[in-house]
Amino acid sequence: MEKYQKTSVADQPRVELHDVLGLTGAEVSVNRMPAGASVPFVHSHKQNEEIYGVLSGRGTMTLDGEQVALAEGDWLRVSPEVRRQISAAADSAISYVCIQVKAGSLGQMTAGDAVMG
C-alpha cells in the first residue's frame, strides 16, 4: 500500500481526503448536507479553483451574490477570486464532491501524461 491508499467515506457528513489518502496535487472533499443546511461561511481563494460535482440531491451555490441552482449530475468550476457558499435546498439534502487545485497548474491532460504498458 505504499504506492496507493484506499478509504471509505460512507455515511460521513464531510471528509477531506488530503490527509486520509496522502494527496499531493489536489484537495478533494466529499460532502453531505441535510435539507436546509448550508456551509456556514462565504469564502474565496488566493490561488485555487474549485470544481463541484453534485452526486445527489439539489441545492444552490451563491457566486458573488448570484444564485446558481444545482442538481444531481451538475458540475461547476469556480475561479479562485469568486466568493462562494453552497446550500442544500429547503426540501432536499445534497451530496457533492469538491476538488480544489491551483488554477492554471494542469500541464498535461490524461492521455498526454499516460505511460502505456
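Trainee: Help me get a handle on the nonpolar core, residues and values and all.
Mentor: In terms of nonpolar packing, the biggest core is built from 15 residues, with Met33, Tyr52, Met61, Leu76, Ile86, Ile94 and Tyr96 touching the most fellow members. At the level of secondary structure, the elements contributing two or more residues to this core comprise strand 3 (48–63), strand 5 (75–78), strand 6 (84–88) and strand 7 (94–102). With four residues, the top contributor of residues to this core is strand 3. Beyond its immediate stretch of four places on either side in the chain, Leu76 contacts Glu50, Ile51, Tyr52, Met61, Leu63 and Leu70. Core analysis: the next-biggest nonpolar cluster, separate from the first, contains seven residues, Val15, Leu21, Val28 and Val97 among them.

Trainee: Which residues make up the pattern of salt bridges, and what are the values?
Mentor: A complete count under the given rule lists four salt bridges for this structure. For the salt bridge of Arg77 with Glu49, the shortest nitrogen-to-oxygen distance reads 2.7 Å. One end of the pair, Arg77, is in strand 5; the other, Glu49, is in strand 3, with 28 residues separating them in the sequence. On the basis of relative accessible area, Arg77 is assigned to the partly exposed category, the value being 48%.

The rules we used
- Residues numbered from 1 in each chain as written.
- Predicted model: local features only at pLDDT ≥ 70, side-chain atom pairs only at ≥ 80, totals over all residues.
- Heavy atoms only, no water.
- Core = buried A, V, L, I, M, F, W, Y, C linked by side-chain atoms within 4.5 Å.
- Buried < 20%, exposed > 50% of the residue type's maximum accessible area, 1.4 Å probe, protein only.
- Helix = DSSP H or I, 4+ residues; strand = E, 2+ residues; numbered from the N terminus.
- Contact = heavy atoms within 4.5 Å.
- Salt bridge = Lys/Arg side-chain N within 4 Å of Asp/Glu carboxyl O.

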